Amino acid sequence: MGENLVIVESPAKAKTIEKFLGKGFVVKSSFGHIRDLAKKDFGVDIKNQYKPIYIVPEDKKKIVSELKKFTKSAKLIWLASDEDREGEAIAWHLSEVLGLTEENTRRIVFHEITKNAIRNAVDNPRKINYNVVQAQQARRVLDRLVGFKLSPLLWRKIKPSLSAGRVQSVAVRLLVEKEREILNFKTSSSFKVSAIFSFEDSDGKKVEIKAELSRRLKNLIEAQGFLRQCGQASYEIVRLETKSLKRSPAPPFTTSTLQQEAGRKLGFSVAQTMSVAQKLYEAGKITYMRTDSVNLSSLALNTVKKVIEGEFGSKYHQFRKYQTKTKGAQEAHEAIRPTYIENKDIDGPAAGVRLYNLIWKRTMASQMSNAEIEKTIATISISNMSDVFTATGEVIKFDGFLKLYSVTTDEDIENGSKTILPPLREGEKLNYEMITASEKFTQPPFRYSEASLVKKMEELGIGRPSTYAPTISTIQNRGYVVKEHLDGNERDIIVYELTEDKIRESKKREKYGREKSKLVPTDIGMVVNDFLIEHFKSIMDYNFTALVEKEFDEIAAGNLEWVKMIDTFYSDFHVRVEKTLKESEKTTGERVLGVDPDSGEEVLVKVGRYGPLAQLGKVREDYKPRFASLRKNQRIETISLEEALDLFKLPREIGDFEKNSMIVAISKYGPYIRHDGKFYSLTKQDDPLSINSERAIEIINTKRKEDSKKEIKIFSENKNLRILNGRWGPYISYEKKNYKIPKNYNPEELSLKDCLSIIANSKNKKSGKRKS
């Protein structure tokens, strides 16, 4: 084995580290070893290193004994897991399980996988920091207490398969409150006045400028009156203000800001960003990607300076030392940066190249000069009114860091670019070309995207860099939240145009409420949120979550005992859980909509066992209620009585085709047509309440045509067995199960006997695997 055994978490990290260590060092991945054993001996294929591994106790003993063989043949064991709390806990667990002693164990940490960083870590080993381990233990225990106690409570009081968590439930609360803020928003209209003025410059050339009225007009009567006066007025530039502005670059990336910017600039989800960043880190391309710090090392700062001065000139460099301002920041790492800053580009998968490029630009820009901008504001008087028009423009005098990089915000996405004004002078007489009064409606707040939710969680101190991605993934996987594109709606707006002293009225169609990749809480998410807030207000309080994070910090610093912290929390929490279990009623989010005019029965909506539904009538001895699932775009809080009654019109028969009836209905997966024992999904454009037989036949034939392309071979002697072409290649479909075709077979030449043999062999392999 060698004198020195280095243990890290992942195979990729092990491979990169090994090339920087000299002879006498052997690098092993604890996860990689478990993965290989799991696949070889237990038939478990673990592809995702973050997926929990559940192995029966007897098999765990075997894995541990195999790992111990490596440690016994080495004089020194170097535990090189990550530098954060999770990494420290991994090092401690390895030490405990493998029976390591302080004499033969060294703990080393580094926040970048480079030769210098690793050699420096080996030259300066330390002991396991048990305070940090206990802080991580406290987090795990507290989160499990909350999850294991609240989740079964939700099963009994709402519906099965639900879950709750200290961080995830508070994240859902943020989304629910935002959604209700949008639902309760009252829209009002006003008129925005904009104008195009012209004048002749010194060369006699006609020049135009755009300006806006400094206030909004309340209604159409005021707008009409204002434009009539404008037609009789003269205009003059009465004041010119020029301001010199400086715009500073953003700090280097932290975990949170990387997730936000990758979402806005690259369209990455939070989980995708962290997955790609993990691979870049393990390949030695970037520093550690879970950090709150915006600090850069002296070596990094000097390298950045050389690159900036070499590529852009010395005037583009400005030394900066950033301070971390995030609420509850804990990590002692550097900011996220390239390990070799002089490398502007890297090779590899496209996603990795794009993310690296973003990190490189942000790191460089953080040490570049301010951008110098000249902002000009022209005030234009109206001769017969006290109101004024304002024209604003910006000119970049020195681009500074903008030469390389600019930060994107949600507001930037919504707003257009800045206007550049031509040379102007005070006293200039202007002619109006056109003055427009357009009806504008107030807009509700924007829903959270993954990036903006991370930003809000960070502001409130909810979670840590390592928890943002799994939290957002969890609340979507649990069905509390969906990420979707909202198409919005259309409405008419009134527009008045004043040209050549004449006012013309027109109507235009405006699209509003359109949002892309936004997180929207589901009905079940709202019901669970309301239940938890009613019965566990302290757990759902934003300040509680932030306070707990501070207590974890105190434990890590050695100022608080983790067992006492847990005991203080659990004593009150346990009592509250037991009380809620006994006293609270089952919650369904029920909302009564009114009475069905035909039957006189009450109509209500609620969450049922299989999701949100509408109910017609209540259970009585002489009456059995009717139920109908809500459609995908319908909500318990907003559905109307008429919309709910329409649901009971389904299923409906719309005609016959090939001597079989066509029935339109809705399931939890959406609207569909049932014909001859088969199901055909409707498109988004098809309304199940109005679709006719001609359109239904078209949908059926289209689906048949698509299915025929999938069929490679069918057998007349056994219609249940088919050879199909799927997304991942040819496969056998038999009795509603799929079987992979081995590579040494030609799918088109397979006989029925061959297929049944492949199926039998596949079943034997599965039954031979040990339970894991």
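Residues numbered from 1 in each chain as written. Predicted model: local features only at pLDDT ≥ 70, side-chain atom pairs only at ≥ 80, totals over all residues. Heavy atoms only, no water.

K.L.:
Give me the lowdown on the environment of Leu299, citing residues and values where you can.
P.N.:
Secondary-structure assignment places Leu299 in helix H11 (residues 298-311). In this structure the C-alpha to C-alpha distance between Leu299 and Asn370, which are 71 residues apart in sequence, comes to 22 Å. (Helix = DSSP H or I, 4+ residues; strand = E, 2+ residues; numbered from the N terminus.)

K.L.:
Would you mind going over the sheet that holds strand S18 (residues 626-629) in detail, with residue names and values included?
P.N.:
The strand order across the open sheet built from four strands is S15-S16-S17-S18, with neighbouring strands paired in antiparallel fashion. Taken across any chain shown, the strands that pair with only one partner, and hence form the sheet edges, are strand S15 (591-595) and S18. Put simply, the sheet's adjacent strands are angled 25° from each other on average, direction ignored. (Pairing = 2+ DSSP bridges. Axes fitted to C-alpha atoms, helices over the stretch in contact; angles between N-to-C directions.)

K.L.:
Can you break down helix H1 (residues 11-18) residue by residue, with the values?
P.N.:
Those residues of H1 that fall on the buried side of the exposure criterion are Lys13, Ala14, Thr16 and Ile17. Seen from one end, H1 has its buried residues packed into an arc of 170°, which puts them on one side. (Buried < 20%, exposed > 50% of the residue type's maximum accessible area, 1.4 Å probe, protein only. Arc of directions from axis to C-beta.)

K.L.:
Residues and numbers for the sheet that holds strand S2 (residues 25-29), please.
P.N.:
Reading across from one edge, S2-S1-S3-S4 is the order of the four strands in this open sheet, with parallel pairing throughout. A strand with exactly one partner marks an edge of an open sheet, and here the two such strands are S2 and strand S4 (105-107). This sheet shows a mean twist of 25° between the axes of neighbouring strands, independent of strand direction. By the bridge criterion, four bridges tie strand S1 (residues 4-8) to strand S3 (residues 76-79) in an arrangement that is parallel.

K.L.:
So, the pattern of salt bridges: which residues are in play, and what are the values?
P.N.:
Summed over all chains, the structure comprises 46 salt bridges. Glu698 is the partner of Arg695 in a salt bridge, and the nearest nitrogen-oxygen pair spans 3.2 Å. Here Glu698 and Arg695 lie together in helix H21 (residues 693-710), a separation of three residues that amounts to about one turn. With relative accessibility at 24%, the residue Arg695 sits in the partly exposed group. Classification of Glu698 by relative accessible area gives partly exposed; the value is 44%. (Salt bridge = Lys/Arg side-chain N within 4 Å of Asp/Glu carboxyl O.)

Note that all results are geometric; they support no functional claim without further evidence.
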